Amino acid sequence: MQITDMTALELASAIKAGEVSVREATESFLDAIEKRDGAYHCYNTVCREEALRRADEVQKGIDEGVYTSPLAGVPIGIKDNICTKGVKTTCSSKILENFVPTYDATVIRRLRDAGLVMLGKLNMDEFAMGSTTETSATGVTHNPWNTDRVPGGSSGGAAAAVAAKLAPVALGSDTGGSIRQPASFCGVCGLKPTYGAVSRYGLVAYASSLDQIGPFGRTADDCAALFSLIEGKDEKDGTSMVNPKFDLEKALKGEIAGKKIGIPEDYLDEGIAPEVKAAVLAAAEAYKKLGAVVETFPMPIVRYAIPAYYIIACAEACSNLSRYDGIKYGYKSPNAENLMETYIKSRSEGFGMEVKRRIMLGNFVLSSGYYDAYYNKALKAKKLIQQAFFDAFETYDMLLGPVAPTTALKIGESLSDPLKMYLGDIYTVMINIAGVPSMAIPCGFDSEGLPVGMQLIGKPFCEAEILAAAKAYQSVTDFHKQSPKAE
Ligand code: GLN
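The text that follows walks through the structure, step by step, so that each part is easy to find. None of the values given here were measured: they were computed from a predicted structure.

On to the site of the ligand, then. Looking at the ligand, there are 15 residues lining it, with T175, G176, S178, Y206 and Y309 nearest. Note that an oxygen atom of the ligand is positioned 2.6 Å from one of the side-chain N or O atoms of Y206. Surface burial for the ligand is 100%, taken as the share of its 290 Å² of free accessible area covered by protein chains. Class assignment for the residues of the shell around the ligand results in 5 nonpolar, 7 polar and 3 charged.

Written out as structure tokens, the structure reads:
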């Protein structure tokens, strides 16, 4: 088997057994990136020299028994909004195009301690705002299954890299679906953890009450292993928490029998493509055969999800993005003649269209006179959404539904109609508002050969349960074993 075909856990055990060296593993992926990423543009930055230097260091550490984690020696790609010391972190924005952080995000530090090797930084929608990776200032990423299609977003580079085998695993971030939706469009797995399960220290903020970092992998097991390395309390992030329930052994057991799974019937109403619906219902049947009880139940609150999410996300974004002023760091306009012009021109020239739209929306919903009508109302909707999930989890162990109403869209189709793009987030954004974990898993292909994804939504801090349920499904299906043909 070729090194790039191995799952991350297979590669880690080959490295442990001395069958593959960390340098060989790293070089295989770097070569694949060099040869094939021209067709996809998954990477904004490739760290060839540093990765090879690090590979030798990790090899030594493994040989000496320093690195013993389940993914020691495995290369990884990182979304370009996670700070990496000495390596550009651009958020795919002109305003940060030359930003080199002086520190590592907590997740990066943890991966370093676990002996992983960073290959480079992955393309994304600018500041993680978007669902197609088309708002990136470095250009769109192409879906490896069909290069005329978007990879989804905002972590499109991460999902496409794992699908195209240009990284065995990757880290992305999910504010309203940015891990799950691209995972679904690219036919890989992606986990959005419980809010607070993973430290956000060093993640460039979009909407702080919704953002979470999480893993991408081709299998549930790879996601479980990677999650186990990054999760847990971090004193640098006051919202991070100890997760007493996470148990990697339990996740890897893949048990599902006897569990009760609920399907929100409002997730399957008229907005969904028939082929997506059919694939999700077929997955429900597979779960029944595995011994789970599957039922549908009403969740009418779904219709408030999009307006509540976009109001909250934009309100937080406009505040978070006020730090880019041409003074502290980032792009500074060369055309400004005084302080006010420096602010205005640096921001006008540095931010892209979608980011500007959201800054304006955010400032509008927070302005006096509109605050009560929009922002406060959105917070009330948030409470109701959270309550709807608590109620559902009184009856069900987990929920099942589609990730997105369609498969991957054509490049260029969404940019002209942002509202339509926002509506595509209908099934994912509520999960971030509720703060619960959810995982995207490949569950079929449409008639054009594009992957379809489903999501399993869990109770707070029950990542192990949804990972186990995903594994159970992958043990009786092979959608996750199919790969796009190489460009
Ligand atoms: N598509 C959603 C948005 O544009 C979600 C993005 C995300 O999760 N970062 O806000």
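In total, this model carries 23 salt bridges according to the counting rule given. Across the pair K165 and D5 runs a salt bridge, and its minimum N-O distance is 3.0 Å. Here D5 lies in the segment before α1 (8-16) and K165 lies in the loop between α5 (156-163) and β4 (169-174), a separation of 160 residues in the sequence.

The subject of this paragraph is the packing of aromatic side chains. Tallied over the entire structure, the rule returns 19 aromatic pairs. Ring centres of F127 and Y324 lie 5.2 Å apart, and the angle between their planes is 50 degrees; this geometry places the pair in the tilted category. Here F127, found in the loop between β3 (117-122) and α5, pairs with Y324, found in the loop between α10 (305-320) and α11 (339-350); they are 197 residues apart in sequence, far enough to count as distant. For the pair W145 and F445, a centre-to-centre distance of 5.1 Å together with 55 degrees between the ring planes defines the contact as tilted. Placement of the pair is W145 in the loop between β3 and α5 and F445 in strand β10 (residues 438-445), with a sequence separation of 300 residues. Here the aromatic cluster, defined as three or more aromatic residues joined through ring pairs, consists of F99, F127, Y324, Y329 and F351.

What follows concerns the sheet that holds strand β7 (residues 260-264). Strand order in the open sheet formed by 11 strands is β1-β3-β2-β4-β6-β5-β10-β11-β9-β7-β8, and the pairing between neighbours is mixed. A single partner strand is all that each edge strand has here, and the edge strands are β1 (43-46) and β8 (293-297). On average, adjacent strands in this sheet sit at an angle of 30 degrees to one another, irrespective of strand direction. Together, β5 (189-192), β9 (398-402), β10 and β11 (451-458) form the strand contacts of helix α16 (residues 463-474), whose direction differs from that of β10 by roughly 15 degrees.

So, on to the side chain of T477. On the secondary structure map, T477 appears in the segment after α16. A polar atom in the side chain of T477 sits 2.8 Å from the backbone oxygen of Y473.

One finds F127, L171, Y287, F389 and M439 to be the most contacted residues of the largest nonpolar core, which totals 120 residues. With near-sequence residues (within four places) excluded, F389 lies in contact with M299, L399, M430, I431, A434, V436 and I457. Core analysis: the next-biggest nonpolar cluster, separate from the first, contains 44 residues, V58, L122, A160 and I179 among them.

Okay, the state of the cysteines next. By the definition in use, this model includes 0 disulfides. In this structure C91 is not part of a disulfide, and its nearest cysteine sulfur, from C83, lies 7.5 Å away. Among the residues examined, C91 registers a relative accessible area of 1% and is labelled buried. For C462, which is in no disulfide, the shortest distance to another cysteine sulfur is to C223 and amounts to 17 Å.

Procedures and definitions
- Residues numbered from 1 in each chain as written.
- Predicted model: local features only at pLDDT ≥ 70, side-chain atom pairs only at ≥ 80, totals over all residues.
- Heavy atoms only, no water.
- Near = heavy atom within 4 Å.
- Polar contact = N/O pair within 3.5 Å; in protein donor to acceptor, adjacent residues only side chain to side chain.
- Areas by Shrake-Rupley, 256 points an atom, 1.4 Å probe, with all protein chains shown as cover.
- Nonpolar A, V, L, I, M, F, W, Y, C, P; charged D, E, K, R; others polar.
- Salt bridge = Lys/Arg side-chain N within 4 Å of Asp/Glu carboxyl O.
- Helix = DSSP H or I, 4+ residues; strand = E, 2+ residues; numbered from the N terminus.
- Phe/Tyr/Trp six-rings, centres within 6.5 Å; stacked < 30°, edge-to-face > 60°.
- Pairing = 2+ DSSP bridges.
- Axes fitted to C-alpha atoms, helices over the stretch in contact; angles between N-to-C directions.
- Contact = heavy atoms within 4.5 Å.
- Core = buried A, V, L, I, M, F, W, Y, C linked by side-chain atoms within 4.5 Å.
- Buried < 20%, exposed > 50% of the residue type's maximum accessible area, 1.4 Å probe, protein only.
- Disulfide = S-S within 2.5 Å.

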